[in-house]
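Close look at the chain arrangement
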Amino acid sequence: MVPSAQLDFHLQPLLEQLNQDELSKFKSLLRTLSPKDELQRIPHTEVEEADGKQLAEILTNHCTSYWVEMVTIQIFDKMNRTDLSKRAKDELREAALKPLQEKKPPSLELTQVQGEDITNPGETKEGLEGEKPGKQDKYRSILKKTFSQIWKKNFLPGANDDIHIVTQRYERLIPLYNPKMLAGPFPHTVVLHGPAGVGKTTLAKKVMLDWTQDNLPETLDSAFYLSCKELNHKGACTFAELMSKNWPDLQEAGPEILAQAQKILIIIDGFDELRVPSGSLIHDICGDWKKRKPVPVLLGSLLKRKMLPKATLLITTRPGPLRELRLLLEQPLLMEIEGLLEPDRREYFLKHFQEEDQALRAFDLMKSNPALFHMGSAPAVCWVVCTCLKLQMAKGEDPAPTCQTTTSLFLRFLCSQFTPAPQLLAPMKALCALAAEGVWTQTSVFDGEDLGRLGVEESDLRPFLDKNVLQKDRDCGGCYSFIHLSVQQLLAAMFYLLEREEEEDGESHRDDIGDIQKLLSKEERLKNPNLTHVVYFLFGLSNEKRARELEITFGCRVSMGIKQELLKSKSSGNKPFSSMMDMKEVVYCLYESQDEQLIKEAMVHVKEMSLHLKNKMDIMYSSFCLKHCQNLQKISLQVEKGIFLENDTASESDTWVQRSQNDQHVLPFWMDLCSMFGSNKNLIFLNISQSFLSTSSVRILCENIAHATCNLQKVVLKNISPADAYRNLCIIFGGHKTLTHLTLQGNDQNDMLPPLCEVLRHPKCHLQYLRLVSCSASAQQWADLSSSLENNQSLTCLNLTANELLDEGAHLLYMTLRHPKCYLQRLSMENCHLTEAYCKELSSALIVNQRLTHLCLAKNALGNHGVKLLCEGLSYPECQLQTLVLYYCNITSDGCINLSMLLQQNSSLTHLDLGLNHVGITGLKFLCDALKKPLCNLRCLWLWGCAITPFSCVDLSSALSNNQNLVTLDLGQNSLGYTGVKMLCDALKLQNCPLQTLRLKIDTSDARIQKLLKEIKESNPHLTIERDNQDLKNNRPSSRDFIF
């Protein structure tokens, strides 16, 4: 294979950011995504043994650059390493923009529109006319004329240059422009996806225009453009008729074209606009070129490769239908079109405003609202923002409040376009009905039939056409569309407010427009994601100040009873709306309202919140609402990587400066969020997990907790960075007298124990439960912890799971257990790398310590000798241990002999977990002997995955018939089959059988076993038989009974 050219992003540093597990996952995904030829010549072991640097060299030396770039980004996205994906995309964009920025003016030189022709200096081929005579040439000429006009007129004033740059930025990433990629082994299906108005359709039309000019590879002889907006109005037809809009002779040339299917390009534009029921494209497939079928069937057949299987497809869509589209397509290349980037938006503002200071102020105001700034990737939204703010500044008004929410901005834009007049009310109501119907039917283009059904005349729309709120669609004659989807969603929300008056007169909503309760329904919003933003706007319009602005401009009456309808769901037993939505959606809705009283009413029932903070917007919105959650008791936070500036990523000065500035923008909102500890007196539980903080954000968090009026009782800190976060938080918790439960887990911290010891030694410490997981500590630090435990009289539960105690650390802990002032009652040392060598000391400690009742030694290689030593201590009457967990401890039948002898001696032991040990037939026989003895006090026995066979069930059945104490028996992951269950049946049917819970590995396909279980249930209704659905990766079955 020919070595690749230079990549347009630096692959090696990206791969070096992956840890070992992530790198292995990257390699695994690389294999699954590789076409046959790409990695075939590279030895498998060479890839598997490569580190990040070596893998980068292998890929750049053996694979095509385009393939490496695309697949790397796809794999990073699949691994949820969006930070690395974003870095790669940013570098690709910079590389794409560099040659453009070296030319002046950048866009006009490359694709300047002159009348009906588009020139490309230095690269344009000779005109088509005379070059390829015949019918296809005529077809090209028609398309060239059509798309030249569309390209020329497709943009808002002043947006042309920006759009040209966007299209050229993505052209180089599309395989159609890369002849080498077209020879690849997999079908070529490219999906351009992105939010409304970012340039997907424009880019698709640019591709068609390039084909008419012969600017695409010569391998593509024919190209067809299908607009889903137009296809909605087309009845049943043949596939030939579908494709022949501008090529009437196509039906005659059909067989000839079919023979050259690999040379055909088909563009399907606006897949999201297709009016078909969800899933309907999959079911009816047709492969006959001449058979008449509904348009959706023909499109489904094309997408499923039943029709023209070797054609190249280019599809554009909004994100909503992506899931369904991926079910239809085979190995599509997904490309996200992000529209105007931040520099593009800034340049747009500078062009729109005459004065630079005004432009930059307006730009900063839009940037201060993350949701609005994100929407600004669409040029139409930039135009709306600039138009609105420029008008306000000209009037001497303060534009800052306008940008506070998206509702306030779009409403101000709408109202600023009109002089208040009562005659606007009727056309406004008609327009809102049109918008609402469009959102519910997922339509953004409306024809005369739509207008007629709603009783709307074109003259009614004139005021809105004149002000660019509505515009005539350029693709469909006699059709209309809103300037941007967000404007349509705002007007759809207004429909519910303006309709209030009619509803009170007894009229109901139109059949195809759902009512407010349906709008709030999670099921409806999952089917139609566009409804979610209508809900946001509806909450925004419930603000009394905005409602008055609406009333003044359009002469309508807005009923504020909408608030109560939003807060209560009539269709769900008057449940609060917060129970019908994800918490993130609830927070967004309430922020949009900017109504503190509404927030208090909405959140009065909320006692527990879990927030996954992915960006500045999440922090900003959450902080606004948390201040007003007076009854909140539990809060769980997860902070995504990249929000805060991490101290260890300051490798490039430019990136560091930029992220430092971003950090300063986020910190005020983080400070606002952390103020909940002072404003909420009922908060008792805090969980911060999988969070990437910064030194500054940790300091703010600590300061707010230190001065909090809340009474935190339980705190969980899991996998937090930076490294000193645990230490700083522990220092704060030292004087927290209400804190009773503390969990510290993650990142193999080596400085966690010293501050924790300070917490335990503090005179006000009332900690009862401490869970310390994955902590790297020295022998001296374990010694300090042991000393602290001897001085602490409140701690009763200590969980040291997954710490490398080793026998030396364990020795120090056993000394503590022997101390008369040790108050520990429950101790877990699961997976602490302990061996049988330490069991003698532990056994001795169990004799002396009369407080310890629960001991977990799971996942330590104790062996049979270790069990024997433990049983010596457990046999003493002074020992009060009740629960012993020996899960996965390398115990066999020999170890069961000692346990059997112990259980027969009136031991205090009532709960025993021997899961994942090879107990076998012999070992179970010893245990059954103990169960038959009257002195055996065992109530719960776990034998999960212990190699128990049907032959063992005779002994087990006999033991169950004679035992009066056992209430729980776990036989999961043991293959007992019908024979084994039948043997147990006699004992289980007995009325005096004390067993209450039995867990079995059940073969649901075996009717005989199902019949037996039914008989057992009828004979013993108090017995619950659970089906074992656990695997080795889950927690051991006894973990829920070993209460911490």
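Cut-offs used in this document
- Residues numbered from 1 in each chain as written.
- Predicted model: local features only at pLDDT ≥ 70, side-chain atom pairs only at ≥ 80, totals over all residues.
- Heavy atoms only, no water.
- Helix = DSSP H or I, 4+ residues; strand = E, 2+ residues; numbered from the N terminus.
- Contact = heavy atoms within 4.5 Å.
- Areas by Shrake-Rupley, 256 points an atom, 1.4 Å probe, with all protein chains shown as cover.
- Pairing = 2+ DSSP bridges.
- Axes fitted to C-alpha atoms, helices over the stretch in contact; angles between N-to-C directions.
- Parallel < 35°, antiparallel > 145°, perpendicular 65-115°, else oblique.
- Buried < 20%, exposed > 50% of the residue type's maximum accessible area, 1.4 Å probe, protein only.
- Expected span 1.5 Å × (residues − 1).
- Salt bridge = Lys/Arg side-chain N within 4 Å of Asp/Glu carboxyl O.
- Disulfide = S-S within 2.5 Å.
- Core = buried A, V, L, I, M, F, W, Y, C linked by side-chain atoms within 4.5 Å.
- Arc of directions from axis to C-beta.
- Right-handed = clockwise from strand over helix to strand, strands pointing away.
- Phe/Tyr/Trp six-rings, centres within 6.5 Å; stacked < 30°, edge-to-face > 60°.
- Lys NZ or Arg CZ within 6 Å of the ring centre and 35° of its normal.
- Nonpolar A, V, L, I, M, F, W, Y, C, P; charged D, E, K, R; others polar.
- pLDDT = per-residue confidence, 0-100.

**Notes on the overall build of the protein chain**
A tally of regular secondary structure across the protein chain gives 49 helices and 27 strands. Considering only contacts within the protein chain whose residues lie at least 6 apart along the sequence, 78% involve residues at least 24 apart. Taken as a whole, the protein chain presents about 44,700 Å² of accessible surface, with 48% of it coming from carbon and sulfur.

**Overview of the sheet that holds strand S10 (residues 480–482)**
Strand pairing in a sheet relies on backbone hydrogen bonds, with the paired strands running either antiparallel or parallel. As summarised here, the arrangement of the 3 strands in space is S8-S10-S9, forming an open sheet in which the pairing is antiparallel. Where the open sheet ends on each side, the last strands, each with one partner, are strand S8 (445–446) and strand S9 (470–472). As paired strands, S9 and S10 are joined by 3 bridges and run antiparallel to one another. Each bridged residue has a counterpart across the sheet, and for Gln471 the counterpart in S10 is Ser481. The strands that helix H25 (residues 458–466) touches are S9 and S10; relative to S9, the one it contacts most, it runs at about 115°.

**Concerning the packing of helix H22 (residues 406–416) against helix H30 (residues 530–541)**
One way to put it is that H22 packs onto H30 with a least axis distance of 9 Å and a crossing angle of 80°. Judged on the interaxial angle alone, H30 and H22 are roughly perpendicular. Along its contact with H22, which presents Thr406, Thr407, Phe410 and Leu411, the element H30 presents Tyr536, Phe537, Gly540 and Leu541.

**Comments concerning the sheet that holds strand S4 (residues 222–227)**
Taken together, the 5 strands give an open sheet; going across it, the order is S4-S5-S6-S3-S7, and neighbouring strands pair in parallel fashion. Sheet topology places S4 and strand S7 (333–336) at the edges, where each strand pairs with a single neighbour. With strand direction ignored, the average angle separating the axes of adjacent strands in the sheet is 15°. In the packing of helix H11 (residues 200–212) onto the sheet, the strands contacted are strand S3 (189–193), S4, strand S5 (264–269) and strand S6 (312–317), and the crossing angle to S4 comes to about 155°. On top of the sheet, helix H16 (residues 295–303) reaches S4, S5 and S6; it is set at about 125° to S5, its chief contact.

**Looking at the environment of Glu841**
The residue Glu841 is located in helix H43 (residues 839–848) in this model. Given a relative accessible area of 32%, Glu841 falls into the partly exposed group. In this structure, the C-alpha to C-alpha distance between Glu841 and His811, residues 30 residues apart in sequence, is 7.3 Å.

**Some points on H30**
Here H30 contains 12 residues, and its C-alpha end-to-end distance of 17 Å stays within 8% of the 16 Å for a straight helix at 1.5 Å per residue. In terms of residue burial, H30 counts as a mostly covered element, since 11 of its 12 residues are buried. Taken residue by residue, H30 has Asn530, Leu531, Thr532, Val534, Val535, Tyr536, Phe537, Leu538, Phe539, Gly540 and Leu541 as its buried positions.

**Examining the side chain of Thr968**
Along the chain, the position of Thr968 falls in strand S25 (residues 968–971). Using a relative accessible area of 17% as the deciding quantity, one classes Thr968 as buried. Aside from chain neighbours lying at most four places away, what touches Thr968 is Arg939, Cys940, Leu941, Trp942, Leu995 and Thr997.

**Considerations on the pattern of salt bridges**
Scanning the entire structure with this criterion turns up 24 salt bridges. The residue Asp582 makes a salt bridge to Lys522 at a minimum N-O spacing of 3.2 Å. Placement of Asp582 in the loop between strand S12 (575–576) and helix H33 (583–593) and of Lys522 in helix H29 (residues 522–527) is noted, with a sequence separation of 60 residues between them. Between Glu830 and Lys859 there is a salt bridge whose closest N-O contact spans 3.6 Å. Taken together, the residues span a long stretch of sequence, with Glu830 in the loop between strand S20 (826–828) and H43 and Lys859 in the loop between strand S21 (854–856) and helix H44 (863–874) at a distance of 29 residues. Overall, the relative accessible area of 11% leaves Glu830 in the buried class.

**Side note on the state of the cysteines**
Per the counting criterion, the structure on display carries 0 disulfides. Free of any disulfide, Cys839 has its nearest cysteine sulfur in Cys889, 8.6 Å distant.

**What to know about the nonpolar core**
Counting 284 residues, the largest nonpolar core has Phe349, Leu491, Met609, Trp670, Phe677 and Leu886 as its most contacted members. For Phe677, the contacting residues outside a window of four places in its chain are Leu683, Leu686, Leu701, Asn704, Ile705, Ala708, Thr709, Cys710 and Leu712. If you look at the next biggest cluster of nonpolar residues, it comprises 31 residues, including Met243, Ile268, Val295 and Ala311.

**Looking at helix H47 (residues 953–962)**
An α-helix turns once every 3.6 residues. As a result, residues three or four positions apart point the same way. Where H47 is concerned, the buried positions are Cys953, Leu956, Ser957, Ala959 and Leu960. All buried residues of H47 fall inside an arc of 165° around its axis, so they share one side. Each element contacted by the buried residues of H47 is listed here: helix H46 (920–932), S25 and helix H48 (977–988).

**Considering the pairing of strand S18 (residues 769–775)**
Across the 7 residues of S18, 5 count as buried, placing the element largely inside the fold. Where S18 and strand S19 (residues 797–799) come together, 3 bridges link them in parallel fashion. Counterpart to Leu770 in the pairing with S19 is Leu798. Handedness of the S18-helix H41 (residues 779–791)-S19 crossover: right-handed.

**Focus on the packing of aromatic side chains**
One pass over the full model with this rule turns up 16 aromatic pairs. When the centroid spacing of 5.3 Å and the interplanar angle of 75° are considered together, the rings of Phe644 and Trp670 count as edge-to-face. Of this pair, Phe644 sits in the loop between strand S14 (634–639) and helix H36 (653–674) while Trp670 sits in helix H36, and the two are 26 residues apart along the sequence. Geometry around Phe373 places Arg345 over its ring, the cationic atom sitting 4.5 Å from the centre. Positioned above the aromatic ring of Tyr978 is the side chain of Arg1008, whose terminal nitrogen or guanidinium carbon lies 4.2 Å from the ring centre.

**Considerations on the packing of helix H23 (residues 425–440) against H25**
The contact between H23 and H25 brings their axes to 9 Å, and the two run at 90°. Judged by the inter-axis angle, H23 sits roughly perpendicular to H25. Between H23 and H25, the contacting residues are Pro427, Met428 and Leu431 on the first element and Asp460, Leu461 and Phe464 on the second. Broken down by class, the residue content of the contact of H23 with H25 amounts to 5 nonpolar, no polar and 1 charged.

**Here we look at the pairing of strand S13 (residues 608–613)**
Burial along S13 is one-sided: Met609, Leu611 and Leu613 are buried, while Glu608, Ser610 and His612, pointing the other way, are not. Inspection of the sheet shows S13 paired to S14 by 6 bridges, in the parallel sense. Across the sheet, the residue bridging to Met609 is Ile635, located in S14.

**Points about unusual backbone geometry**
In this structure, Pro722 follows Ser721 across a cis peptide bond, with omega equal to 5°. The backbone of Gln594 sits at a positive phi, close to 55°, despite the residue not being glycine. Structurally, Gln594 is set in the loop between H33 and helix H34 (596–602).

**As for the confidence of the model for the protein chain**
When pLDDT is averaged along the protein chain, the result is 82, and 81% of the positions lie at 70 or above. In this model, residues 500–509 is a region of pLDDT below 50 whose contacts with residues beyond four sequence positions or in other chains number 15 contacts. Here residues 648–654 is a poorly scored stretch, pLDDT under 50, and it has 2 contacts once near neighbours within four places are set aside; other chains count.

**A few points about the side chain of Ser893**
Tracing the sequence through the fold places Ser893 in helix H45 (residues 893–903). Under the relative-accessibility criterion, Ser893 is labelled buried at 18%. What Ser893 contacts, discounting residues up to four positions off in sequence, is His918, Val919, Thr922, Gly923 and Phe926.

**Some remarks on the environment of Leu956**
With respect to the helices and strands, the residue Leu956 is situated in helix H47. A residue is classified by how much of its surface remains accessible, and Leu956, at 1% relative accessible area, is buried. Residues Leu956 and Cys928 lie 28 residues apart in sequence; the distance between their C-alpha atoms is 6.0 Å. Residues contacting Leu956, with those up to four places away along its chain left out, are Leu924, Cys928, Leu969, Leu971 and Leu984.

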